[in-house]
Amino acid sequence: DVRVHPLPSVPAAIAGASGTLLGDQVLLIGGLETALGPPLDRVWRLDLVTEGGWQAVDPIPGPGRIDAVAGTHRSVAYVVGGIDRQDQPLLDVWRYDPALNAWHACSPLPRPMRSPCESLVHVGWDMLAVIDEGEDLLVYHPNTDRWSRRDRPDLGPIGLLTSRGVVPLADIDAPVDGETVRSEE
């Protein structure tokens, strides 16, 4: 039995923001309020349990950003890259600890992401893969705060479903935590 509960409206109309589910909370990061306005550094949090509405939390350090990618790993959120006010790619990476309401800098991306990045997914126990349109797969290791590169997987019958289609997972040499789907070839 599926139940639908309406959520409170976002405090402002925002385009190009990043979002992630962090436990029972939704985080909304950056974006634009107007087409010609500057990218935002604002961060909004919605607690799905208390249903108290959207609340502002500490802004993400650095410049405002659009088209960043966000994801969660072990009860913290990560925000990777994005595009700044001058339409330039950002290489910074931030970790948000909701228990402390604090941002911590992580090692920067080893290369700019091809715009915009599609997904941040768990790979194995201690890695997060950034899936974009680049020639390689960027993998972040939170335990060591380091990046590695992997060859882009060949197209295969198993992949991760994203908004742009199926991203293949073959040849990643680590199991992926999450759903896989068969491509429609």
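Thresholds, definitions, all that
Residues numbered from 1 in each chain as written. Predicted model: local features only at pLDDT ≥ 70, side-chain atom pairs only at ≥ 80, totals over all residues. Heavy atoms only, no water. Pairing = 2+ DSSP bridges. Helix = DSSP H or I, 4+ residues; strand = E, 2+ residues; numbered from the N terminus. Axes fitted to C-alpha atoms, helices over the stretch in contact; angles between N-to-C directions. Core = buried A, V, L, I, M, F, W, Y, C linked by side-chain atoms within 4.5 Å. Buried < 20%, exposed > 50% of the residue type's maximum accessible area, 1.4 Å probe, protein only. Contact = heavy atoms within 4.5 Å. Patch = residues over 30% accessible without salt bridge, like charges linked within 9 Å, V, L, I, M, F, W, Y side chains within 5 Å. Areas by Shrake-Rupley, 256 points an atom, 1.4 Å probe, with all protein chains shown as cover. Salt bridge = Lys/Arg side-chain N within 4 Å of Asp/Glu carboxyl O.

Engineer: Residues and numbers for the sheet that holds strand E3 (residues 43–47), please.
Structural biologist: With antiparallel pairing, 4 strands are arranged side by side in an open sheet as E1-E2-E3-E4. Whereas interior strands pair on both sides, the edge strands pair on one side only; in this sheet they are strand E1 (18–22) and strand E4 (54–57). In this sheet, neighbouring strand axes are inclined to one another by 25° on average, regardless of whether the strands run parallel or antiparallel. Two elements, E3 and E4, share 4 bridges in a ladder whose sense is antiparallel. Across the sheet, the residue bridging to Trp-44 is Ala-56, located in E4.

Engineer: Describe the nonpolar core, with residues and values.
Structural biologist: Leu-27, Ile-29, Val-43, Ile-60, Val-79, Tyr-96 and Trp-103 are the most contacted members of the largest nonpolar core, which has 13 residues in total. Of all elements in the fold, only strand E2 (25–29), strand E6 (76–80) and strand E7 (93–97) reach the threshold of two or more residues within this core. If sequence neighbours within four positions are ignored, Leu-27 has contacts with Ser-18, Gly-19, Thr-20, Leu-22, Val-43, Trp-44, Arg-45, Ala-77 and Tyr-96. Core analysis: the second largest hydrophobic core is formed by 11 residues, Val-80, Met-113, Leu-138 and Tyr-140 among them.

Engineer: An account of the pairing of E3 is needed here, citing residue identities and associated values.
Structural biologist: Among the 5 residues of E3, 4 are classified as buried, and the element is accordingly described as predominantly covered. Of the strand pairs in this sheet, E2 and E3 are connected by 5 bridges, and their pairing is antiparallel. Its bridge partner being in E3, Leu-28 is matched across the sheet by Trp-44.

Engineer: Give a description of the environment of Pro-8 that names residues and reports values.
Structural biologist: With respect to the element layout, Pro-8 can be found in the segment before E1. For Pro-8, a relative accessible area of 35% gives the class partly exposed. For the pair formed by Pro-8 and Glu-51, sequence separation is 43 residues and the distance between their alpha carbons is 8.1 Å. What Pro-8 contacts, discounting residues up to four positions off in sequence, is Leu-46, Gly-53 and Trp-54.

Engineer: Please give an account of a nonpolar patch on the surface that cites residues and values.
Structural biologist: On the surface, a nonpolar cluster with roughly 280 Å² of combined accessible area is contributed by Leu-7, Leu-21 and Leu-48. Following the sequence through the fold, Leu-48 ends up in the loop between E3 and E4. Residue Leu-48 is classed as partly exposed on the basis of its relative accessible area, which comes to 33%.

Engineer: So, the environment of Gln-88: which residues are in play, and what are the values?
Structural biologist: Mapped onto the elements, Gln-88 comes out in the loop between E6 and E7. Take Gln-88: its relative accessible area is 45%, and that puts it in the partly exposed class. Separated by 24 residues in sequence, Gln-88 and Pro-112 have C-alpha atoms that sit 9.3 Å apart. In this structure, Gln-88 is in contact with Gly-82 and Ile-83, ignoring residues within four places of it in sequence.

The quantities given are spatial measurements derived from coordinates; they are silent on function.
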